[in-house]
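Structural characterization, general
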Number of protein chains: 4
Amino acid sequence: MAIAVHVPDDTWRMPLTVRYYEADQQNVVFHGWYLNYFDEAFTAYAEAIGYSIQRAHADGADWMVVHSEIEWHGSLRWPDAAEIAVSAVHVGNSSMTIDFAALRDGEAVCSARNVYVMVDAEEYTRIEVPQALREALGRGQSLRRPRAGR
Amino acid sequence: MAIAVHVPDDTWRMPLTVRYYEADQQNVVFHGWYLNYFDEAFTAYAEAIGYSIQRAHADGADWMVVHSEIEWHGSLRWPDAAEIAVSAVHVGNSSMTIDFAALRDGEAVCSARNVYVMVDAEEYTRIEVPQALREALGRGQSLRRPRAGR
Amino acid sequence: MAIAVHVPDDTWRMPLTVRYYEADQQNVVFHGWYLNYFDEAFTAYAEAIGYSIQRAHADGADWMVVHSEIEWHGSLRWPDAAEIAVSAVHVGNSSMTIDFAALRDGEAVCSARNVYVMVDAEEYTRIEVPQALREALGRGQSLRRPRAGR
Amino acid sequence: MAIAVHVPDDTWRMPLTVRYYEADQQNVVFHGWYLNYFDEAFTAYAEAIGYSIQRAHADGADWMVVHSEIEWHGSLRWPDAAEIAVSAVHVGNSSMTIDFAALRDGEAVCSARNVYVMVDAEEYTRIEVPQALREALGRGQSLRRPRAGR
């Protein structure tokens, strides 16, 4: 849990408009919506780097989340104009490890790491990450760091 | 809009637990969730009368909402134990008109009328309401009445 | 139900990115999400015409949906870049009647009419539509017409 | 990621009806809904052990999720009658560590660990876990184990 967030200025970001119904009776975005935001952001990121989920489907490939770790350091609120930062920190044989941060006025209020596995679009069996996607993802910086001290 | 709700005691009802995240910053259930409740209720009702959506699928049939009218007279709140009342008010050749009411402590806070069309499960073209479903639905009372006066 | 949609070219529109999780097993946007889209669109429209919900709150006012009528003529799909058209068709003493249309490639796949009542932001009792909002809304064209014949 | 799930027979469980709209175009429950299920389950569990969130509110206390780890080993599907298992594995000074598992036909398809912090219901500053809640939670078994070998 002792995780600090650091989002370099050049990290890719998706603008996000918090929707009214996503805020709960505590007047903050309900924590369950963040995975939905990250899903939107990864889809947008994949398209931005030139290997959209549609291209994956055309190649007979799909991806699925198998692991997620999330820390909340604060909250998004409605009607924030927020951002979701995305960074590909590791691409394995058949998996992709992607870091996310939710930013409010440039401050990270939530960070997360998802692991996706690449699967055959019909059978949902593991396949290799397509070479074109591997190259497009490159090697980004981690947005999460073990916190010093403590 | 001048619609009054009347839910006879013998109307079929699905118990509903309002989920925390469905309440918004006004501390009431966000209006967008009611169509989801009615969808759940109609699925449960179809199963209760012996013609589940699974049976429809096995018969090559499916249903789709094409029209909805909703009036809010009040609000559900979290953590209400609520009920959704369901009544089939008209079965046409290829359509079903279903009335709904959302109840809180036995009081209707919302009423609605949905029209569903029966479609082929593959082509989504209109088909006749299966005879078994027609018989199961019977002819319920309307839960909505034009309000007197006004 | 015999409603035709007509969206004049100069109608105000909010761009909408359909989210992956909003599409269901029929591969179309689940009908329950449309009210959420219309809510987002009305909030954005109010801001665009210079009377945002934040300004309403500052004036001690709020609005609530009390009536909704929706027709689906088709479906939005993921990953559509869609639009929600908004038109204020009537402003009463304490209510606003707003038409909506969901467009896919410029074609309306869904139309709706919501009635909102203006309420005191604390007590949720009816109040008059603030003059500034009334003027900002103006008088738009209906996006829905009774269908000829039939 | 090398986490195995083990849910002892006597673990507390909340029955869960998967809702139609929660299944996506892959015909499985979208991964973003699981945090919502766990939230519902923890609320129900707190009530079952005699310290409901309402009682917390009455005591001026509330809880917030600050950390979540989730592994998906499989998927829930609609119309599954599923269960969410809940076990309190650690109660700290001002935090509670709770394990969850989502079960389909008795098989765990997803496991998770949430850390909640206890906060003042007005100020959202950290407070101690109320003694009555601490006693009610007891000390449950972990539902997650590092996987042997690999």
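Quick caveat, the model's predicted, so the values are computed rather than measured.

The subject of this paragraph is the overall build of chain A. A count of helical and extended segments in chain A gives three helices and seven strands. Taken from the N to the C terminus, the helices and strands of chain A come in the order β-β-α-α-β-β-β-β-α-β. In terms of C-alpha radius of gyration, chain A reaches 16 Å, essentially the compact-globule figure of 15 Å for 150 residues. Taken along its principal axes, the extent of the C-alpha atoms in chain A is 45 × 40 × 25 Å. When each of the 150 residues of chain A is scored for burial, the buried share is 57%. Within chain A, residue pairs in contact and separated by at least 24 positions form 70% of the contacts whose partners lie at least 6 positions apart. Here chain A displays about 6200 Å² of accessible surface, and carbon together with sulfur accounts for 44% of that area. Averaging the locations of the 13 positively and 21 negatively charged side chains of chain A gives two centres separated by 9 Å.

Taken as rigid bodies, chain C and chain A are interconverted by a rotation of 180° and an axial shift of 0.0 Å, the fit giving an RMSD of 0.0 Å. In symmetry terms, the pair is related by a two-fold rotation axis. When each C-alpha of chain C is compared by its distance to the rotation axis, Thr17 of chain C comes out closest, at 5.5 Å. The fraction of interface residues of chain C whose copies in chain A are also interface residues reaches 100%, indicating that both copies meet through the same surface.

Attention shifts here to helix H1 (residues 34–48) of chain C. Residues and elements named next belong to chain C. For H1, which comprises 15 residues, the first-to-last C-alpha distance of 21 Å matches the rise-based estimate of 21 Å (1.5 Å per residue) to within 8%. Of all 15 residues in H1, twelve are buried, a share of seventy percent or more. Along H1, the positions that sit buried rather than exposed are Tyr34, Leu35, Asn36, Tyr37, Phe38, Asp39, Glu40, Ala41, Phe42, Thr43, Tyr45 and Ala46. The first or second residue beyond H1 is Gly50, which carries a positive phi of 95°.

Pairing between side chains of opposite charge can happen when their charged atoms approach one another. According to the stated counting rule, one finds 24 salt bridges over all chains in the structure shown. Note that Glu22 of chain D and Arg19 of chain B form a salt bridge whose closest N and O atoms lie 2.8 Å from each other. Here Glu22 of chain D is found in the loop between strand E2 (12–17) and helix H1 (34–48), whereas its partner Arg19 of chain B is found in the loop between strand E2 (12–17) and helix H1 (34–48) on a different chain. With respect to class, Glu22 of chain D is no different from Arg19 of chain B; both count as buried. Several salt bridges converge on common partners, so that one network encompasses Glu69, Glu71 and Arg144 of chain A.

What follows is about the interface of chain C and chain A. Tallying the contact residues gives 18 residues for chain C and 18 residues for chain A. In this assembly, chain C packs against chain A so that about 1300 Å² is buried in total across both faces, 53% of it on carbon and sulfur atoms. The tally of links from chain C across to chain A stands at four residue pairs in polar contact (both at pLDDT 80 or more). Secondary structure elements with two or more residues in the side of chain C that touches chain A: strand E2 (12–17), H1 and helix H2 (53–58) of chain C.

Moving on, we come to the interface of chain A and chain D. Taken together, the contacts link 22 residues of chain A with 22 residues of chain D. The interface formed by chain A and chain D includes zero salt bridges. For the interface between chain A and chain D, the tally reads eight residue pairs in polar contact (both at pLDDT 80 or more). Secondary structure elements with two or more residues in the side of chain A that touches chain D: helix H1 (34–48) and strand E3 (61–72) of chain A. With eleven residues, the single largest contributor to the side of chain A that touches chain D is E3 of chain A. Split into classes, the residues belonging to the side of chain A that touches chain D amount to twelve nonpolar, six polar and four charged. Strand direction decides the pairing type here: E3 of chain A and strand E3 (residues 61–72) of chain D, joined by five bridges, are antiparallel. Looking at E3 of chain D, one finds that Glu69 of chain A is bridged to Glu69 of chain D.

Rules behind the numbers
- Residues numbered from 1 in each chain as written.
- Chains lettered and ligands numbered in written order.
- Predicted model: local features only at pLDDT ≥ 70, side-chain atom pairs only at ≥ 80, totals over all residues.
- Heavy atoms only, no water.
- Helix = DSSP H or I, 4+ residues; strand = E, 2+ residues; numbered from the N terminus.
- Rg over C-alpha atoms; globule rule 2.2 N^0.38 Å.
- Buried < 20%, exposed > 50% of the residue type's maximum accessible area, 1.4 Å probe, protein only.
- Contact = heavy atoms within 4.5 Å.
- Areas by Shrake-Rupley, 256 points an atom, 1.4 Å probe, with all protein chains shown as cover.
- Lys, Arg positive; Asp, Glu negative; His and termini not counted.
- Charge placed at Lys NZ, Arg CZ, Asp CG, Glu CD.
- Least-squares fit on C-alpha atoms with pLDDT ≥ 70 in both.
- Expected span 1.5 Å × (residues − 1).
- Salt bridge = Lys/Arg side-chain N within 4 Å of Asp/Glu carboxyl O.
- Buried area = accessible area lost by both parts, 1.4 Å probe.
- Polar contact = N/O pair within 3.5 Å; in protein donor to acceptor, adjacent residues only side chain to side chain.
- Nonpolar A, V, L, I, M, F, W, Y, C, P; charged D, E, K, R; others polar.
- Pairing = 2+ DSSP bridges.

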